[in-house]
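Each chain, letter by letter, is given below.
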Amino acid sequence: MSLEWIREALEGAGEGEALLEGERRVTYPELLGEIARLRARLREWGVRPGDVLAFAGDYGTPNVVRFFAALLEELVAVPLAMAGEAELQRALDAVPGDWFFPATAPLDEPPRRRQPPGERRDHPLLAQLRARGHAGVIVLTSGSTGRPKVILHDAVGLFDKFRKPRRAYRSLVFLLPDHMGGINTLVSLLTAGGTLILPVKRDPETLCALIARHRAELLPVTPSFLNLLLVSEAWRRHDLSSLKVVSYGTEVMPETTLQRAAAALPGVRFVQLYGSSELGIFQGRSSGELSPFLQLQAAGVEFTVREGTLWVRGADSMLGYLGGEPSGFGDGGWYDTGDLVEERDGQLRFLGRRSELINVGGQKVLPGEVEEALLQLPGVVEATVHGEAHALTGQIVVARVQLATDEDEKAFKLRLRQALKGRLQPYKIPVKVTLVDSLVSSRLKKQRRAGP
């Protein structure tokens, strides 16, 4: 089964704006023309169906064109948006590949051949994809502390849900092109005939200015970035009246942040999404306005909860890990997400990752619960909580906090403990507290632990 329906969907958008990048405006006919030209060049350069094509850099017209051309040529697309050369090289070393476009390469420059013809580092899962005659997508989990996991998806299954008609929004693209959420935004918006606004950088002032300038209707963000936006008060300095929807995911949303965002952006609908690099992205239906509980829904996909953890069956676009790690699929095709949830009347509230759970003398602590309490303290901009080994209790609760003021660390620790004394059980109150300048990574998510 081919992905020619994607080309047909792009053609169906007519003469509308597809991409807005700085001063450049790219219409759908222009985008289709660039895709067609690159497809022809790829064949001339010797790129063949089933080859693995990696390309570096953030979203921009060249990488949008490369992504769609790769899908339509039945290649395996590998978007890589690493912040530094060392991280990029670590990712390339982990990915079997045939071709590579550097971030600075123009569209008319051929890709670099990563290995001579006939010396392909083949893999059974790639061979399986080629046998189907399907395009693929490779995404990597975070490799900041070691070798990343390399996940291969069958693009036909991954994008099939976008064949249904959807509303065509004017939207910023926020998550990076190698993040499943960023890929979701790109394909869902453009195959619906929407307009993607491509930011040069992602800070509150820049994004609010782009919303005002281009009358954006949709803003997909992480909870951490939404909190940064609120603290910056950039939303006060720009006309955001065009904004209709804020979608969020990738992290647990603190209720404090969500309530503050709703007050700052009245009339905007907040939509929670759920997904992972392995499963793709699912939309949820909330039980009420600003409720943390939602019902996940996706055609052909089942969800169940086992011992407080979400399991999913039917999201079968992932073929597996190319590094040989266990697939995560259990009996009957159920996938263990590792996400802790609270279930109520068929609705789910996400609590955090099982791997992040802190064990203090046999008592379980959810980092999100402690972070929520910290965010309610005056002057706290952001907070992250993790466990640290301890000889007596097994682990202790450790907090890293970003303040809006120059408060003395010792004075803040005393204030924190006094404030949390009646809110949290004693074993949940942080034993160690460190003040830091920032807690948001280059991928605009919380950094729970200090870097190496």
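(A) View of helix 13 (residues 409-420). With twelve residues, helix 13 should reach 16 Å at 1.5 Å per residue; the first-to-last C-alpha distance of 16 Å fits that figure. Every buried residue belonging to helix 13 is among Phe412, Leu416 and Leu420, and all of these are buried. Projected down its long axis, helix 13 carries its buried residues within an arc of 50°, all on one side. Residues Lys410, Leu414 and Gln418 are exposed on helix 13 and point more than 90 degrees away from its buried face. In this fold, the buried residues of helix 13 make contact with helix 12 (367-375), strand 23 (380-390), strand 24 (394-403) and strand 25 (432-435).

(B) View of helix 2 (residues 28-44). In this model helix 2 runs 24 Å from its N-terminal to its C-terminal C-alpha over 17 residues, within 8% of the 24 Å that 1.5 Å per residue would give. Along helix 2, the residues classified as buried are Tyr28, Leu31, Leu32, Glu34, Ile35, Leu38, Arg39 and Leu42. Down the axis of helix 2, the smallest arc covering the buried residues is 160°, so these residues share one side. Just downstream of helix 2 lies glycine 46, where phi reads positive at about 95°.

(C) Region of interest: the packing of helix 1 (residues 4-11) against helix 2. Contact geometry of helix 1 with helix 2 gives a least axis separation of 9 Å together with a crossing angle of 150°. Comparing the axis directions of helix 1 and helix 2 gives the class roughly antiparallel. Judged by residue contacts, Glu4, Arg7, Leu10 and Glu11 of helix 1 engage Tyr28, Leu32, Ile35 and Arg39 from helix 2. Looking at side-chain class alone, the contact of helix 1 with helix 2 contains four nonpolar, no polar and four charged residues.

(D) Molecular detail of the packing of helix 3 (residues 61-72) against helix 7 (residues 180-191). The N-to-C vectors of helix 3 and helix 7 enclose an angle of 80°; their axes lie 12 Å apart at closest approach. By the criterion of interaxial angle, the relationship of helix 3 to helix 7 is roughly perpendicular. Listed contacts from helix 7 to Val64, Phe67 and Phe68 of helix 3 are Ile183, Leu186, Val187 and Leu190. Taken together, the residues that form the contact of helix 3 with helix 7 break down as seven nonpolar, no polar and no charged.

(E) Structural detail: the pattern of salt bridges. A full pass over the atoms with the stated rule returns 27 salt bridges. Arginine 25 is the salt-bridge partner of glutamate 17, the closest N and O atoms lying 2.8 Å from each other. With a relative accessible area of 45%, arginine 25 lands in the partly exposed category. We note a salt bridge from aspartate 58 to arginine 202, for which the minimum N-O separation is 2.5 Å. Here arginine 202 lies in the loop between strand 10 (195-198) and helix 8 (204-214) and aspartate 58 lies in the loop between strand 3 (52-56) and helix 3, a separation of 144 residues in the sequence. The exposure class of arginine 202 is buried, given its relative accessible area of 14%. Shared partners join several salt bridges into a network, and the residues in it are Glu4, Arg7, Glu11, Arg39, Arg43 and Glu73.

(F) Region of interest: unusual backbone geometry. Backbone geometry places arginine 215, a non-glycine residue, at a positive phi of 55°. When its relative accessible area of 35% is taken as the criterion, arginine 215 is described as partly exposed. For aspartate 345, which is not glycine, the phi dihedral falls at a positive 55°. Inspection of the secondary structure assignment puts aspartate 345 in the loop between strand 19 (335-344) and strand 20 (347-353). The exposure class of aspartate 345 is exposed, given its relative accessible area of 77%.

(G) Region of interest: the pairing of strand 4 (residues 76-80). Across the five residues that make up strand 4, a large majority, five, are buried. Here strand 4 shows two buried faces, one formed by Val76, Val78 and Leu80 and the other by Ala77 and Pro79. Strand direction decides the pairing type here: strand 3 and strand 4, joined by five bridges, are parallel. Following the sheet pairing, alanine 56 is matched in strand 4 by leucine 80. Running through helix 3, the crossover from strand 3 to the neighbouring parallel element strand 4 is right-handed. Bridge count between strand 4 and strand 7 (residues 136-140): two bridges; the pairing is parallel. When the bridges of strand 7 are listed, valine 76 appears paired with glycine 136.

Parameters and conventions
Residues numbered from 1 in each chain as written. Predicted model: local features only at pLDDT ≥ 70, side-chain atom pairs only at ≥ 80, totals over all residues. Heavy atoms only, no water. Helix = DSSP H or I, 4+ residues; strand = E, 2+ residues; numbered from the N terminus. Expected span 1.5 Å × (residues − 1). Buried < 20%, exposed > 50% of the residue type's maximum accessible area, 1.4 Å probe, protein only. Arc of directions from axis to C-beta. Contact = heavy atoms within 4.5 Å. Axes fitted to C-alpha atoms, helices over the stretch in contact; angles between N-to-C directions. Parallel < 35°, antiparallel > 145°, perpendicular 65-115°, else oblique. Nonpolar A, V, L, I, M, F, W, Y, C, P; charged D, E, K, R; others polar. Salt bridge = Lys/Arg side-chain N within 4 Å of Asp/Glu carboxyl O. Pairing = 2+ DSSP bridges. Right-handed = clockwise from strand over helix to strand, strands pointing away.

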